[in-house]
Amino acid sequence: MPELVRDKALVLRTQDHAETDRIVSALSEGRGRLELLVKGARRLERPFGAVLDILNLAEIIYYRRRSGLHLLREATLLQDFPRIREDLARLEAALLLLRWAWELVPREVPDPRPFRLTQSFLLALGESPAPQTLLAAYRLRLLSLLGYRPALQGCVACGKAEDLFWVPERGGLLCRACGGEGLAVPPRLQKAMDGLLRLPLAALLRLRLAPADLAEIERLTLAFREVQLAR
Ligand SMILES: [Zn+2]
């Protein structure tokens, strides 16, 4: 008999499977990202109703199979984040956040930190007047958790905090004297990114960044992710 496992999981995405089934990708507390087969999920009488809709947090019980796809037996809704769903800007940020989790968190890895980070950011998003700021912080923190922490406090080679450039190949900021060139990172932006990475959530909720700075931070973060994860 396959092992029966109980866990908590956030629904990252769902896709149709066979005639009436659905495959749910979820971020679990116990085993990272999971792919769960939900039998009959597209029948009129769905076995779990809307419990497994995207952005829900559920308690799940599943049969653990050796090959990738596990079989869901029970699901109970724990949280559906209504304060995110009622606000378009929050919802957009939440869906991008879930997408990052889906793309980056490895499958079947017993590390609860990505789940806890994601859950705490979704709870904060529900209170946030600036969802894009939280999303920017989440991206940097998820990368860090997974072993790709960008160097943001100064030059990665000498520690100097001026005349800095963004050099993802070297792990973050590099000053001109140490060979930095290309994308200049002014002190304002460096402080903002460092804050996004390290401030407590309560302080993040009060942080206000100019839209142009947020756009630039997104560009730097995406470049960093692309270079670092290609290694
Ligand atoms: Zn340097």
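Residues numbered from 1 in each chain as written. Predicted model: local features only at pLDDT ≥ 70, side-chain atom pairs only at ≥ 80, totals over all residues.

Draft legend 1. How the structure looks around the sheet that holds strand 2 (residues 21–28). The mixed closed barrel is built from five strands, whose spatial order is 1-2-3-5-4. Neighbour-to-neighbour, the strand axes of this sheet turn through a mean angle of 50 degrees, independent of strand direction. Direction of pairing for strand 1 (residues 3–17) relative to strand 2: antiparallel, over a ladder of eight bridges. Bridging from a neighbouring strand, Q15 pairs with I23 of strand 2. The sheet contacts of helix 2 (residues 88–104) involve strand 1 and strand 2, and relative to strand 1 the element is tilted by about 115 degrees. Strands strand 1, strand 2, strand 3 (32–38) and strand 4 (57–64) of the sheet are contacted by helix 3 (residues 113–125), whose axis makes an angle of about 95 degrees with strand 2. (Pairing = 2+ DSSP bridges. Helix = DSSP H or I, 4+ residues; strand = E, 2+ residues; numbered from the N terminus. Axes fitted to C-alpha atoms, helices over the stretch in contact; angles between N-to-C directions. Contact = placed C-beta atoms within 7 Å.)

Draft legend 2. Structural context of the pairing of strand 7 (residues 172–175). Inspection of the sheet shows strand 6 (residues 164–167) paired to strand 7 by four bridges, in the antiparallel sense. When the sheet's bridge partners are listed, W166 is paired in strand 7 with L173. Hairpin connection from strand 6 to strand 7: four residues lie between these consecutive antiparallel strands, with G171 at a positive phi of about 100 degrees.

Draft legend 3. Here's a closer look at the nonpolar core. One finds L10, A26, L27, L52, A58, L97 and L134 to be the most contacted residues of the largest nonpolar core, which totals 56 residues. With eight residues, helix 4 (residues 131–145) is the largest single contributor of residues to this core. The residue makeup of this core includes at least three contributed by each of domain 1 (3–79) and domain 2 (82–229). Beyond its immediate sequence surroundings of up to four residues, L134 is in contact with A93, F121, A124, L125, S128 and L204. (Core = buried A, V, L, I, M, F, W, Y, C linked by C-beta atoms within 7 Å. Buried ≥ 20, exposed ≤ 12 C-beta atoms within 10 Å, placed from the backbone. Domains from an automatic or database assignment.)

Draft legend 4. Seen up close, the packing of helix 2 against helix 3. Where helix 2 contacts helix 3, the axes come no closer than 10 Å and their chain directions differ by 175 degrees. The orientation of helix 2 with respect to helix 3, classified from their angle, is roughly antiparallel. Contacts between helix 2 and helix 3 pair R90, A93, A94, L97 and A101 from the former with P114, T118, F121, L122 and L125 from the latter. Split into classes, the residues belonging to the contact of helix 2 with helix 3 amount to eight nonpolar, one polar and one charged. (Parallel < 35°, antiparallel > 145°, perpendicular 65-115°, else oblique. Nonpolar A, V, L, I, M, F, W, Y, C, P; charged D, E, K, R; others polar.)

Draft legend 5. Summary view of the pairing of strand 3. Of all seven residues in strand 3, five are buried, a share of seventy percent or more. In this sheet, strand 3 lies alongside strand 2 in antiparallel orientation, the contact comprising seven bridges. Bridging across to strand 3, S28 finds its partner in G32. As paired strands, strand 3 and strand 5 (residues 69–79) are joined by three bridges and run parallel to one another. By the bridge assignment for strand 5, E35 is matched with L69.

Draft legend 6. Highlighting the domain arrangement of the chain. Segmentation of the chain into domains returns domain 1 (3–79) and domain 2 (82–229). The distance between the C-alpha centroids of domain 1 and domain 2 comes to 29 Å. Listed as interface residues are 14 residues of domain 1 and, on the opposing side, 17 residues of domain 2. Elements supplying a minimum of two residues to the side of domain 1 that touches domain 2: strand 1, strand 2 and strand 3. Residues belonging to the side of domain 1 that touches domain 2 are distributed by class as follows: six nonpolar, four polar and four charged.

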